[in-house]
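# Structural features, examined
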There are 2 protein chains.
Amino acid sequence: MQEKYLGIDIGGTKVMLALVSSDGLTLKRDRIETRAEEGPRKVVERIVESIKKTVGEVEIAGVGLGVPGPIDFSRGVVTLAPNLGWKNVAIVDLFSEKLDLPIYLENDALVAAWGEKTLGAGKGFENFIYMTISTGIGGGLILDGKLYRGAFGAGGEIGHMIIDPAGPTCGCGNQGCLEALASGKALARMGREALEQGRWPEGPSPEGITGSTITNWAKAGDQPSIEIIDRQARFLGLGLTNLTHILDPQAFVLGGGVMTAADLLLPRIKEAMEDYLMPGYAERLQVLPAKLGDIGGALGAAMVARDFGSKK
Amino acid sequence: MQEKYLGIDIGGTKVMLALVSSDGLTLKRDRIETRAEEGPRKVVERIVESIKKTVGEVEIAGVGLGVPGPIDFSRGVVTLAPNLGWKNVAIVDLFSEKLDLPIYLENDALVAAWGEKTLGAGKGFENFIYMTISTGIGGGLILDGKLYRGAFGAGGEIGHMIIDPAGPTCGCGNQGCLEALASGKALARMGREALEQGRWPEGPSPEGITGSTITNWAKAGDQPSIEIIDRQARFLGLGLTNLTHILDPQAFVLGGGVMTAADLLLPRIKEAMEDYLMPGYAERLQVLPAKLGDIGGALGAAMVARDFGSKK
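Definitions and cut-offs
Residues numbered from 1 in each chain as written. Chains lettered and ligands numbered in written order. Predicted model: local features only at pLDDT ≥ 70, side-chain atom pairs only at ≥ 80, totals over all residues. Heavy atoms only, no water. Pairing = 2+ DSSP bridges. Helix = DSSP H or I, 4+ residues; strand = E, 2+ residues; numbered from the N terminus. Buried < 20%, exposed > 50% of the residue type's maximum accessible area, 1.4 Å probe, protein only. Least-squares fit on C-alpha atoms with pLDDT ≥ 70 in both. Contact = heavy atoms within 4.5 Å. Phe/Tyr/Trp six-rings, centres within 6.5 Å; stacked < 30°, edge-to-face > 60°. Axes fitted to C-alpha atoms, helices over the stretch in contact; angles between N-to-C directions. Parallel < 35°, antiparallel > 145°, perpendicular 65-115°, else oblique. Nonpolar A, V, L, I, M, F, W, Y, C, P; charged D, E, K, R; others polar. 1 Å grid on protein atoms, 1.4 Å probe; cavity = no way out; pocket = protein on both sides within 12 Å on 5 of 7 lines; lining within 4 Å. Points joined across faces, edges and corners; volume = space filled by probe spheres on them. Domains from an automatic or database assignment. Buried area = accessible area lost by both parts, 1.4 Å probe. Salt bridge = Lys/Arg side-chain N within 4 Å of Asp/Glu carboxyl O. Polar contact = N/O pair within 3.5 Å; in protein donor to acceptor, adjacent residues only side chain to side chain.

Below, the discussion takes up the pairing of strand β6 (residues 77–81) of chain B. All names here are of chain B. Where strand β5 (residues 71–72) and β6 come together, two bridges link them in antiparallel fashion. Paired with D72 across the two strands is V77, which belongs to β6. Once β5 ends, the chain turns through four residues before running back antiparallel as β6, passing G76 with a positive phi of about 70°. Note that β6 and strand β7 (residues 86–89) share three bridges and pair antiparallel. When the sheet's bridge partners are listed, A81 is paired in β7 with W86. The hairpin turn running from β6 into β7, its antiparallel successor, is four residues long, and G85 in that turn takes a positive phi close to 70°.

This is the structure in structure tokens:
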């Protein structure tokens, strides 16, 4: 009989769960609200309830847990997760109090990357970079077939690569981070700027413009929105070029909410990369949309438990 | 008896050779001119002469060969080395025609990095980035204790990270690469600009200003030159910050000709990084000068042969 693994992906607004067999088949899934404001202990309690509901009487070989980094892996502690309001949360201990199962902790971008590697668009690649483009921009590096965490568990912060020191201010305080120029937040900002410039004489109020407003309008053929996507793609192409020159991967796998506009974005990103890349790189590099959607992190967490966890 | 390894580092102007025992003791060294214009076959012939002179009757367990990348490792071919004028040079075959010894080919920045890891400033680090700052800027990544080549042997091109799309044009054709902003060439350009701005009323002709002119003047206390070093250090700090957020290393080890001004550069680089880095990174990160000087590549090549090569 195949062993079964449980994957949990804790995000700012939702927690995704997946029960996966060792050959990668999804047996069950669940989704609950995070409600981070209730504090980590309550959040874990509700996740454990969902686990019990999802797992039932099934015997579990291991649990993979994806959490926003940076992480202190030696102590099983989430050092800092602004979108959860967590600081030094001993997440493994909190789970172990309620759950008698081996827990394997991993960075959320890395579990999503491992999901794509084992079950999605990253299959067959030993070196690829998973990038999630939503409100922010995050990354998970798969290097030489392994999860790359960085020396202190804080690698993969590719959204905070500064690519224009005169650019707009980022949430991190620097100017011109890739995230400040090409995330969902950046789309919203460029949208508000376009509105102020009178690009939509009968447009909505500035507050009404979000990242998905722009992607939706662009998909519907709205010219000012397409021009904003053009600019976003240019910055993404520059960021991926930098990562290519540094890490020379086989592929990029791009996920996150902004990728609902993949048909518009991908050809433009590739065009920018062809302009920026030094000779030799572009021909062998693939830029692909992620395949697993928002359950990808939970699936990947289960596969991380399968591939790197060990039974108690 | 300890085994002995030969390291060869082929650069644009000189070839360095080192005979090293397996415990890292340098037994002999040599240096010859590259004279790349004579073509790869002649260059290899003269290196083999130097090898015979250096090695004598000593039995060699392996040869490590550092060459400018990118490299096709499966075929032992240097794909493109502009500073040697080489394109698709079957360097391993050329050596094997003349030399009956196992040859281990590696990227020149990676052998230098491995030299620092085994015998220099990188000792004890499993994750560090070696950066050479001379006419250009190159890099060798040591990740999770191993040489990181990239999927196609072309990783580590950290000098071509674009950090200012409106910046000066780089040799690669892009604008605002780190190399265009912070290399020896960039020092010379900033020097010429300062001269045109009348910063040195009794200064030399613009042609007389090189990178080392500026570093030497700065070390002597010349204010306009120190201001140029300030700007260079700011760009380097930004570049190292990007690499830190992406790869979260334990250390940077900085080598190359420009590091003769390390006393001026290092504190300024660290200051810039403290400004740019997100919380948590700066305290645990070390920025160190390389220890081995221009023999480092040859020493590293010998240690690469020891650690990764295998006897025929």
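The next point concerns the side chain of H160(A). You can see H160(A) is positioned in the loop between β11 (146–148) and α4 (178–182). Taking relative accessible area as the criterion, H160(A) reaches 8% and is therefore assigned buried.

Next up on the list: the relation of the copies chain A and chain B. It takes a turn of 180° to lay chain A on chain B, together with a shift of 0.0 Å along the axis; the resulting RMSD is 0.0 Å. The two molecules are tied by a two-fold rotation axis, judged by turn and shift. Take the interface residues of chain A: 97% of them recur as interface residues in chain B, which is what a same-surface contact looks like.

All names here are of chain B. Throughout the structure, instances matching the rule amount to eight aromatic pairs over all chains. With a centroid separation of 5.0 Å and an interplanar angle of 55°, the aromatic rings of W114 and F308 are classed as tilted. Of this pair, W114 sits in helix α3 (residues 108–119) while F308 sits in helix α10 (residues 296–308), and the two are 194 residues apart along the sequence. The exposure class of W114 is buried, given its relative accessible area of 6%. Under the relative-accessibility criterion, F308 is labelled partly exposed at 31%. An angle of 70° between the planes, with centres 5.1 Å apart, marks the rings of W200 and W217 as edge-to-face.

What follows is about the packing of helix α7 (residues 223–247) of chain A against helix α7 (residues 223–247) of chain B. For the pair α7(A) and α7(B), the least separation of the axes is 12 Å and the interaxial angle reads 80°. Here α7(B) runs roughly perpendicular to α7(A), going by the angle between their axes. Only L243(B), I246(B) and L247(B) of α7(B) make contact with α7(A), whose side of the interface consists of L243(A), I246(A) and L247(A). In terms of residue class, the contact of α7(A) with α7(B) is built from six nonpolar, no polar and no charged.

Moving on, we come to empty space enclosed by the protein. Empty space left among the atoms is revealed by rolling a probe the size of a water molecule over them. Residues and elements named next belong to chain A. Taken as a whole and assessed by the stated rule, the structure comprises one cavity of 30 Å³ or more. The space that makes up the largest cavity amounts to roughly 50 Å³. As for the largest cavity, its lining consists of F73, N107, L110, G139, G140, L141, Y148, R149, G153, G155 and G156. A total of three residues in the lining of the largest cavity trace back to one element, the largest contributor, which is strand β10 (residues 137–143). For the lining of the largest cavity, a count of residues per class yields four nonpolar, six polar and one charged. Taken together, domain 1 (4–115 + 294–311) and domain 2 (125–290) each give at least three residues to the lining of the largest cavity, which thus spans both.

So, on to the domain arrangement of chain A. Put simply, an interface is often sized by how much accessible area is lost when its parts join up. Residues and elements named next belong to chain A. Assigned domains of chain A: these are domain 1 (4–115 + 294–311) and domain 2 (125–290). Between the C-alpha centres of domain 1 and domain 2 the distance comes to 27 Å. Every contact between the two is made by 13 residues of domain 1 and, on the other side, 13 residues of domain 2. Taking both partners together, domain 1 and domain 2 bury about 1100 Å²; carbon and sulfur atoms supply 68% of that area. Viewed at the interface, domain 2 and domain 1 are joined by one salt bridge. Taking the shortest distance from any N to any O, the salt bridge between E106 and R149 comes out at 3.0 Å. Our count for the domain 1 to domain 2 interface comes out at two residue pairs in polar contact (both at pLDDT 80 or more). Looking at the side of domain 1 that touches domain 2 element by element, the count peaks at five residues for helix α3 (residues 108–119). Each residue belonging to the side of domain 1 that touches domain 2 can be placed in one class, and the counts come to twelve nonpolar, no polar and one charged.

Residues and elements named next belong to chain A. If you walk across this open sheet you meet the five strands as β3-β2-β1-β4-β8, and the pairing is mixed. One side of each edge strand has no neighbouring strand; the edge strands of this open sheet are β3 (26–33) and β8 (103–107). Shown here is a sheet whose adjacent strand axes are inclined to one another by a mean of 15°, direction ignored. Where strand β2 (residues 14–21) meets β3, seven bridges bridge the pair, whose relative direction is antiparallel. Each bridged residue has a counterpart across the sheet, and for A18 the counterpart in β3 is R29. Sitting on the sheet, helix α2 (residues 91–98) is in contact with β1 (4–10), β4 (62–67) and β8, with an inclination near 150° to β8.

The subject of this paragraph is the environment of N216(A). All names here are of chain A. Along the chain, N216 falls in helix α6 (residues 211–219). Overall, the relative accessible area of 41% leaves N216 in the partly exposed class. A C-alpha to C-alpha distance of 7.7 Å links N216 and A261, two positions 45 residues apart in sequence.

Glancing now at the environment of C170(B). Residue and element names in this part refer to chain B. Within the secondary structure layout, C170 lies in the loop between β11 (146–148) and α4 (178–182). The class for C170 is buried, based on a relative accessible area of 7%. Placed eleven residues apart in sequence, C170 and L181 show a C-alpha to C-alpha distance of 8.4 Å. Other than its neighbours up to four places away in sequence, C170 contacts H160, C177, E179 and A180.

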